[in-house]
Amino acid sequence: MGWAALTYALSTLALAYPALTGQFLVNPHSDQYIAGFAFRDFATQSLRAGQGIPHWNPFMFGGLPYVGAMHGDTFYPTALLRLLIGTDAGMTWGFIIHTFLAGLFTYGFLRVWGIGFLASLVGGLAFMLSGPIASYASPGHDGKLFVSALLPLALWLLIRGIRDGRLWAWGAFALTVGLALLSPHPQLLQYLLLTAGAFALFLAFGTDPHGVKLDRRTAFQRLTLALAAVIVGMAIGGIQYLPVREYVMWSPRAAGHDYATATSYSFPLLELINLYLPQFSGMLDKYWGSNGIHLHSEYIGGPVLLLASAAFFDKARIGFRRFWLGTGMVALLWMLGGSTPFFKLVYELVPGTKFFRAPSTIIYVFAFSISVLAALGTERVLALRVSRRLVYTWLGIGAVVALLGITGLLTGVAETKARSIWSAFAEQQGYDATIIPQVVGPRVARATSNAGALALGSVRSFLFLAATAIALLLGLSGKLTARRIGAVLVVVVALDLLTVARNYWMFSASAKVLYAADPAVEFLKKVPQPGRVLVHAFGGVGVNYPDPYYGGDQEGKGTGLMVHGIRSVTGYHGNELGRYQQLAELQSSNGAPATMSPMFWSHENARYLYTNVAVSDTGLKLLVGPVKNSAGSTVYLYRLPGDNPYAWVAAGITKASDADVFQAILDPRFDARRLAVVSDTSPLQAPPITAAPAPLAIAATTSNYSPGHATIALGEPSPKDAVLVVSENYYPGWRATVDGLPQPTFRVDFNLIGVQLPAGSRKIELTFHDAAVDKGKLVTIIALLLAFGALAGGVVLDRRRVA
């Protein structure tokens, strides 16, 4: 294990060495750059201030629950790294550590099955450095990496528990499942549990490497223990998933996805070539394929594929080989998604699938299956039981691909396919004939510009394949010993995969530099009254996309303001409250987005415009600019017209359908200061109103504002039947006191918080606390005690049994 750990550490360091000088493993296209850092730093600073995990995120989309809406690995052990060494360094080392663990756990799994040292070493390298694992750093998908690294550990523990009957393994397995839940990536968790479940059945009813099979009674007993461990592990995730469970019905994903959405980001069939030749569909910004963006890699590598194929047609480990061949085939069909009819069965039969998209993410199970087969193939190679015909066949395939790449024929295929894909897309979208070339041209140009990289890549892949083949042929000729063949395979596999993976480990300056405040941000930080900022780039002129403030594209969806504690009208999340999303997607009467409507600004406390151009509108007041932000983009800060306060007092309350209120929000005739409107399905009693009352002139001043808390003082005592309306998204957990006495909160004006005011009210205190977090915390603590108790008790009982 020591030599394996050293090998995997050095391989990881070959990718991660810039972290040793304090660089941040993030790039402008990463989810971490646009949103992940802001999310995690918010929790880190809250913990450092002694305020615990935040329950409410007020910095985007009108506010949303922090835990329930999920903001990353809040409860995963990597959160401790961020507390100890800083958010950016902690995030970086989270990737580094789990890349290393992916290899080490795979090695341990293979060794415990009885596979030799060198073969297991190759298997671990094949998994940890494969494109599906090593490239997670590029799009910033740390949660996916965490679950992927835990898969071999879970399987390792199942062997110990089911095959070997070790009682301690069940506590450790429960903890592993719990960690996978806290990652938190529910989609990859689903794949882990399905794979682990299938492997548990294989262990219970199949034969071990020595041909021994469990009796039926023992098999069912151990499967029952495995199920109990899964249940305890699921309970460990209670602190994350109980709030999520309550939030789902409030989110845009409440109804699940239709089949078209569920199959978006399927693995394109033609791009299977990337398993051998990663440059075929273009790496990173040269990608021309049907998925639009391609920030990761699927590269498995010629040497690994050759070794995996060497595992076939061997009499040893037949059941184990067949299991992983079957698992790999299922994972392959699954990740192809809408490319084959198979996924229709998955969509209809597998629980939870309708809430996910991107079936291609199961590729990590496919990569693991190939890695296991590569280890088995390496065993066969070291025993000199591989045929020369297989080696020559692979050399022939590699030579043909290299020839096609060098002569430009593969580039021609790429250009033709790019033109076909994007022409069909443009026609499907109903684009005008004059627009179609603007859609198709850039994609075809990418395929054309990729010609050089594709030619060199085909030669590179062939050379590594040839090096592997030569080592095998020399071994079969008796010119290399098995040990030397193994050493060559370790080096070739590592170098082959590293030369591709290094393209996906892109480092940047520290977070202090990336998210440094500009003069506009400094101005906003000094504003005493809460007010949201509308971030909008007009045409993208003067914006260096991706920009942490303007976003990753021309939609202005960045979270840079959140880093400085400034609230934005939009942001980047993907699981915001459904009602706010519906409202923001409305269009005003002139066809402009709702977010550009003065009615929306008034409704959502939008007071400032952070933009990239000088605006001639006389209703706007220039506060700062032009200046440059940390990304070098141009910034102007304007004061939007209107008061647009955080809270106001409505003279009365009435009921109406949600549909009517939804449409009224952007209607200039709707005066929110006259009446607060609740849903006609609400149990709240609203007095009958024959005519809209006159608006009240009571000032509502906000102080002590912080995430999930605000104090609102009224300029004069409120009259009877008045309602305080607060421009923050309503969600269960908001509590109010009026002059020190509890008062219920409710939803008004489609998505805001309402509080009925007794006559004479002067001071209102608002707080948010998610009770589901408390319930989940209790469940998690109990489950952790059970898991650690089972682990410790199992160790004691196993020792007694041996004694």
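Residues numbered from 1 in each chain as written. Predicted model: local features only at pLDDT ≥ 70, side-chain atom pairs only at ≥ 80, totals over all residues. Heavy atoms only, no water.

A. Representation of the sheet that holds strand β15 (residues 745-748) in the model. The strand order across the open sheet built from four strands is β7-β12-β16-β15, with neighbouring strands paired in antiparallel fashion. If you trace the sheet from one side to the other, it starts and ends with β7 (647-650) and β15, each paired once. Here the average twist between neighbouring strands, direction ignored, is 35°. In this structure, strand β12 (residues 723-729) lies alongside strand β16 (residues 752-756), joined through five bridges in antiparallel fashion. Note on β16: the bridge partner recorded for N729 is L752. (Pairing = 2+ DSSP bridges. Helix = DSSP H or I, 4+ residues; strand = E, 2+ residues; numbered from the N terminus. Axes fitted to C-alpha atoms, helices over the stretch in contact; angles between N-to-C directions.)

B. Representation of the environment of G632. You can see G632 is positioned in the loop between β5 (621-628) and β6 (634-639). Setting aside its immediate chain neighbours within four residues, G632 contacts G542 and N544. (Contact = heavy atoms within 4.5 Å.)

C. Structural view of the pairing of strand β9 (residues 675-679). Of all five residues in β9, five are buried, a share of seventy percent or more. Pairing of strand β8 (residues 652-656) with β9 involves five bridges; the strand directions are parallel. Among the inter-strand pairings, A656 is bridged to a residue of β9, identified as S679. Handedness of the β-α-β unit built from β8, helix α27 (residues 658-664) and β9 comes out right-handed. (Buried < 20%, exposed > 50% of the residue type's maximum accessible area, 1.4 Å probe, protein only. Right-handed = clockwise from strand over helix to strand, strands pointing away.)

D. Local environment of the packing of helix α4 (residues 87-113) against helix α5 (residues 117-128). At a minimum axis distance of 8 Å, the contact between α4 and α5 shows a crossing angle of 145°. Crossing handedness for the pair α4 and α5: right-handed. Where α4 approaches α5, its residues T99, F100, A102, G103, T106, Y107, L110 and R111 are matched on the opposing element by F117, S120, L121, G123, G124, F127 and M128. A class-by-class count of the residues in the contact of α4 with α5 yields eight nonpolar, six polar and one charged. (Left-handed = near helix turned anticlockwise from the far one by under 90°. Nonpolar A, V, L, I, M, F, W, Y, C, P; charged D, E, K, R; others polar.)

E. Looking closely at helix α13 (residues 302-309). In terms of burial, α13 is largely enclosed, as eight of its eight residues are buried. Buried within α13 we find G302, P303, V304, L305, L306, L307, A308 and S309. The inward-facing, buried residues of α13 contact α5, α16 (363-382), α17 (388-406), α20 (451-476) and α21 (482-501).

F. Examining the nonpolar core more closely. Formed by 233 residues in total, the largest nonpolar core has its most connected members in F109, L158 and F199. Here the element with the most residues in this core is helix α7 (residues 142-163); it accounts for 14 residues. Excluding anything up to four places from it in sequence, F109 contacts P152, L155, W156, I159, F199, F320, W324, F368 and V372. Y549, L561, I566 and Y608 belong to the second-largest nonpolar core, a separate cluster that totals 17 residues. (Core = buried A, V, L, I, M, F, W, Y, C linked by side-chain atoms within 4.5 Å.)

G. View of the sheet that holds strand β4 (residues 606-611). With mixed pairing, the four strands of this open sheet are ordered in space as β3-β4-β6-β5. For this open sheet the edge positions go to β3 (532-536) and β5, each flanked by a neighbour on one side alone. Averaged over all pairs of adjacent strands, the angle between their axes in this sheet comes to 20°, without regard to strand direction. Sheet analysis places β5 next to β6, joined by five bridges and oriented antiparallel.

H. Structural context of the packing of aromatic side chains. Across all of its chains, the model carries 46 aromatic pairs by this definition. Considering the side-chain rings of Y247 and Y731, the 5.8 Å spacing of their centres and the 55° angle between planes classify their relative orientation as tilted. Taken together, the positions of Y247 in helix α11 (residues 238-247) and Y731 in the loop between β12 and β13 (734-738) put the pair 484 residues apart, joining distant regions of the chain. As far as burial versus exposure is concerned, Y247 and Y731 are alike and both buried. Cation over ring: R579 sits above F750, and NZ or CZ is 4.6 Å from the ring centre. (Phe/Tyr/Trp six-rings, centres within 6.5 Å; stacked < 30°, edge-to-face > 60°. Lys NZ or Arg CZ within 6 Å of the ring centre and 35° of its normal.)

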